[in-house]
Amino acid sequence: MTRDTDDGDGGESCGDNCGCGAPSPGVPEAGRDEQPSIFVPDEGETDAGEGRRAGTADDSAADRAATDGGVESATGGTDSTDLDPDAYDPVDVFPGGDLDLREGADSCYKCTSCDTSCPVAEVDDEFPGPKFQGPEQWRLKRKDDHDIDESITSCSNCMRCDDACPSSVPLSQMHNEARGQFVERQMEKLSVEYVRNRILANYRTSASLASMFPRTASFAMNFGPARWAMEKVMGIPKERDFPEFATETFREWWKARGGAQVENPDKRVAYFHGCYSNYNTPEVGKAMVRVYEHFGYEVMVPPQKCSGTPMFANGMLKDARRHAETNVENLVEAIGEGADVIASCTSCSMSLRQEYPELFDLHGIEDLAEHTFEALEYLRIHEDLEGELEAQGGLDDERAFAYHAPCHARNQGLSRQAVETFRDVDGVRMEDVGDSCSGISGTYGWKEEKYEKSMEIGEEMFEHMEDAEGEVGMTECPTCAMQMEHGTGYEIEHPLQLLEDTLGA
């Protein structure tokens with residue numbers, strides 16, 4: 001039987017030839033929110049050929065293309081490629097902002113891979129997850145000018161969602177832009193939270209002041225009453241131990257040393273040491289210089305500021321841009337002199353090679369991204385590192401390490417590089433403690449309201465470290481190193497330090 005239209009008294013006839021006026025059994029009337037479907041015949045096919053009744057819908061429907069539910073198609077039907085600009089404008093559906101992320105948002109098909117990979121969502125039931133913070137919030141914002149949801153400040157910027165997404169949705173880029181808009185337009189600038197976050201984001205400023213009186217600053221910032229006061233007044237957890245400041249910064253050492261000890265215009269690298277290796281762990285920077293000189297590289301140390309990583313995480317995009325302008329200008333100049341850019345911190349290399357070109361339109365920024373590498377990564381690409389380590393014969397005394405790959409190393413495909421580099425070196429035992437997040441995520445774990453969550457996230461890593469054979473931790477990220485030491489009490493080293501020892505550099 002073929003369904004007919006309403007016969008005038010609310011019933012439906014049995015079919016084309018019945019004429020009895022009885023309602024068709026089991027076929028409900030279309031409700032007020034429904035529209036009868038419109039059949040669109042294939043090319044060359046007539047309505048009569050398919051037995052289509054003229055009364056099924058508006059008589060003009062036969063000449064009108066439609067999609068499901070009787071909604072007219074702007075393209076003229078499923079087989080048409082001609083757009084009617086009066087009916088549909090693909091550019092104006094979501095008005096463009098400073099960054100056009102529509103293509104990335106449209107690539108999201110809600111598989112929730114990002115949500116299941118998010119360490120914050122795993123421990124914080126109130127955090128809606130990367131999918132909402134990224135494409136869903138972006139659509140809301142572009143369509144109806146919604147305020148940014150305050151939960152964006154709970155994103156730790158670990159960027160694991162980028163690595164998890166099967167559709168290459170630019171999730172962290174969306175999060176950075178949304179966080180920047182929230183801080184700029186909605187956050188109270190006189191609030192304790194804003195002031196605290198700005199101080200944490202601009203660590204380079206605090207560290208440069210502290211390095212003038214490093215011993216005094218190290219003592220004062222870890223003095224019990226001072227820690228208690230910082231928690232009560234600024235919301236910085238008293239449980240955290242501030243890292244000690246070096247009595248001689250890396251740049252001071254570099255100047256006193258007389259700069260590069262190797263001149264080689266054919267093998268040049270520009271070292272981006274970052275804030276932490278300069279002010280807190282200059283031994284990492286020294287190891288980098290000695291190792292690279294061992295392989296015949298001329299090391300350059302251009303003027304530089306913070307990479308911007310803590311600023312991105314706290315929505316301070318204007319601050320990040322100011323620092324990026326200096327970095328891009330000086331590093332691109334070094335690239336012009338034949339150097340590649342090397343970073344000993346995976347968050348710094350991530351910032352220079354991914355976040356800069358995603359967020360800023362500075363001249364030369366694409367060249368910088370193309371020429372930036374993490375320090376161990378670069379040697380593995382350009383040198384016979386395995387052969388050189390074998391030739392050196394390994395360590396005299398056996399040492400065991402519990403290695404943690406930072407989230408920002410994973411996002412660059414570097415999660416196994418330290419394990420692979422040292423696994424065959426005599427006297428070195430390297431154990432990967434798993435793919436869990438350390439939980440500190442830069443400044444995230446330095447906020448009183450996030451401290452317990454950061455420790456809960458890191459619990460799996462702590463357990464794996466304690467089960468590992470070695471009692472020395474290893475990682476490329478300085479804040480991961482803080483968390484590893486804080487949660488286990490282990491001494492933490494950088495792979496460059498072990499590489500320096502094994503090469504005898």
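Conventions adopted
- Residues numbered from 1 in each chain as written.
- Predicted model: local features only at pLDDT ≥ 70, side-chain atom pairs only at ≥ 80, totals over all residues.
- Heavy atoms only, no water.
- pLDDT = per-residue confidence, 0-100.
- Contact = heavy atoms within 4.5 Å.
- Buried < 20%, exposed > 50% of the residue type's maximum accessible area, 1.4 Å probe, protein only.
- Helix = DSSP H or I, 4+ residues; strand = E, 2+ residues; numbered from the N terminus.
- Pairing = 2+ DSSP bridges.
- Expected span 1.5 Å × (residues − 1).
- Axes fitted to C-alpha atoms, helices over the stretch in contact; angles between N-to-C directions.
- Parallel < 35°, antiparallel > 145°, perpendicular 65-115°, else oblique.
- Nonpolar A, V, L, I, M, F, W, Y, C, P; charged D, E, K, R; others polar.
- Phe/Tyr/Trp six-rings, centres within 6.5 Å; stacked < 30°, edge-to-face > 60°.
- Lys NZ or Arg CZ within 6 Å of the ring centre and 35° of its normal.
- Patch = residues over 30% accessible without salt bridge, like charges linked within 9 Å, V, L, I, M, F, W, Y side chains within 5 Å.
- Areas by Shrake-Rupley, 256 points an atom, 1.4 Å probe, with all protein chains shown as cover.
- Salt bridge = Lys/Arg side-chain N within 4 Å of Asp/Glu carboxyl O.
- Lys, Arg positive; Asp, Glu negative; His and termini not counted.
- Charge placed at Lys NZ, Arg CZ, Asp CG, Glu CD.
- Disulfide = S-S within 2.5 Å.
- Polar contact = N/O pair within 3.5 Å; in protein donor to acceptor, adjacent residues only side chain to side chain.

> Explain the confidence of the model for the chain to me, using residue names and the numbers behind them.
The predicted model of the chain has a mean per-residue pLDDT of 85, with 79% of residues at 70 or higher. Across residues 22–81 the pLDDT falls below 50, and counting only partners more than four positions away or on other chains, this stretch makes 57 contacts in the model.

> Quick one: what's the story with the pairing of strand β1 (residues 268–272), residue by residue and with numbers?
A large share of β1 lies buried, amounting to four of its five residues. Where β1 meets strand β2 (residues 298–300), three bridges bridge the pair, whose relative direction is parallel. Looking at β2, one finds that R268 is bridged to E298. Two strands pair when backbone bridges link them, and β1 and strand β3 (residues 339–343) are joined in this way by five bridges, in the parallel orientation. For V269, the partnering residue across the bridge sits in β3 and is D340.

> How would you summarise helix α15 (residues 317–336) if you had to cite specific residues and measurements?
With 20 residues, α15 extends 27 Å from end C-alpha to end C-alpha; this agrees with the ideal 28 Å at 1.5 Å per step. Every buried residue of α15 is listed here: D319, A320, H323, A324, N327, V328, N330, L331, A334 and I335. Looking at the residues trailing α15, positive phi occurs at G338, about 95°.

> Provide a residue-level description of the packing of helix α11 (residues 250–257) against helix α13 (residues 282–294), including the pertinent values.
Interhelical geometry of α11 versus α13 gives an angle of 45° and a closest axis separation of 8 Å. Taken as axis vectors, α11 and α13 run oblique relative to one another. Within the contact between the two elements, α11 uses F250, W253, W254 and R257 and α13 uses P282, G285, K286, V289, R290 and E293. Grouping the constituent residues of the contact of α11 with α13 by class yields five nonpolar, one polar and four charged.

> Lay out the packing of aromatic side chains with the relevant residues and their values.
The full count for this structure, using the stated rule, is twelve aromatic pairs. Here the aromatic rings of F250 and W254 are separated by 6.3 Å at their centres, their planes lie at 25°, and the arrangement is stacked. Residue F250 and its partner W254 are located together in helix α11, separated by four residues, close to a single helical turn. Every member of this aromatic cluster is reached through a ring pair, and the members are F250, W253, W254 and Y271. Sitting above the plane of the Y194 ring, K189 keeps its charged end 5.7 Å from the centroid. The residue whose ring lies beneath K267 is Y297, and the NZ or CZ to ring-centre distance is 4.3 Å.

> So what's going on with a negative patch on the surface? Residues and values would help.
Together, E122, E431, D435, E448, E452, E456, E459, E460, E463, E466 and D467 make up a region of like negative charge exposed at the surface. Element by element, the count of residues in the negative patch is highest for helix α22 (residues 451–467), at seven residues. In this fold, D467 is placed in helix α22. Given the relative accessible area of 64%, D467 is considered exposed.

> How would you sum up the sheet that holds strand β6 (residues 428–432)? Please name residues and give values.
Pairing within the open sheet is parallel, and its four strands lie in the order β6-β5-β7-β8. Every interior strand has two partners, whereas the edge strands, β6 and β8 (491–493), have only one. Put simply, the sheet's adjacent strands are angled 35° from each other on average, direction ignored. By the bridge criterion, five bridges tie strand β5 (residues 399–403) to β6 in an arrangement that is parallel. In the sheet register, R399 faces β6, and the bridge partner there is V428.

> Explain the state of the cysteines to me, and be specific about the residues and the numbers.
Evaluation of the coordinates by the stated rule reveals zero disulfides. With no disulfide of its own, C275 lies closest to C306 among cysteine sulfurs, the gap being 3.9 Å.

> Describe in detail the environment of S167, supporting the description with residues and values.
As for its position among the elements, S167 is in the loop between α5 (160–164) and α6 (171–185). The partly exposed category is assigned to S167, whose relative accessible area is 21%. Between the C-alpha atom of S167 and that of C108, which follows or precedes it by 59 residues, the distance is 6.6 Å. When neighbours within four sequence positions are excluded, S167 is seen to be in contact with S107 and Y109. A distance of 3.4 Å separates the side chain of S167 from the backbone oxygen of S107, its partner in a polar contact.

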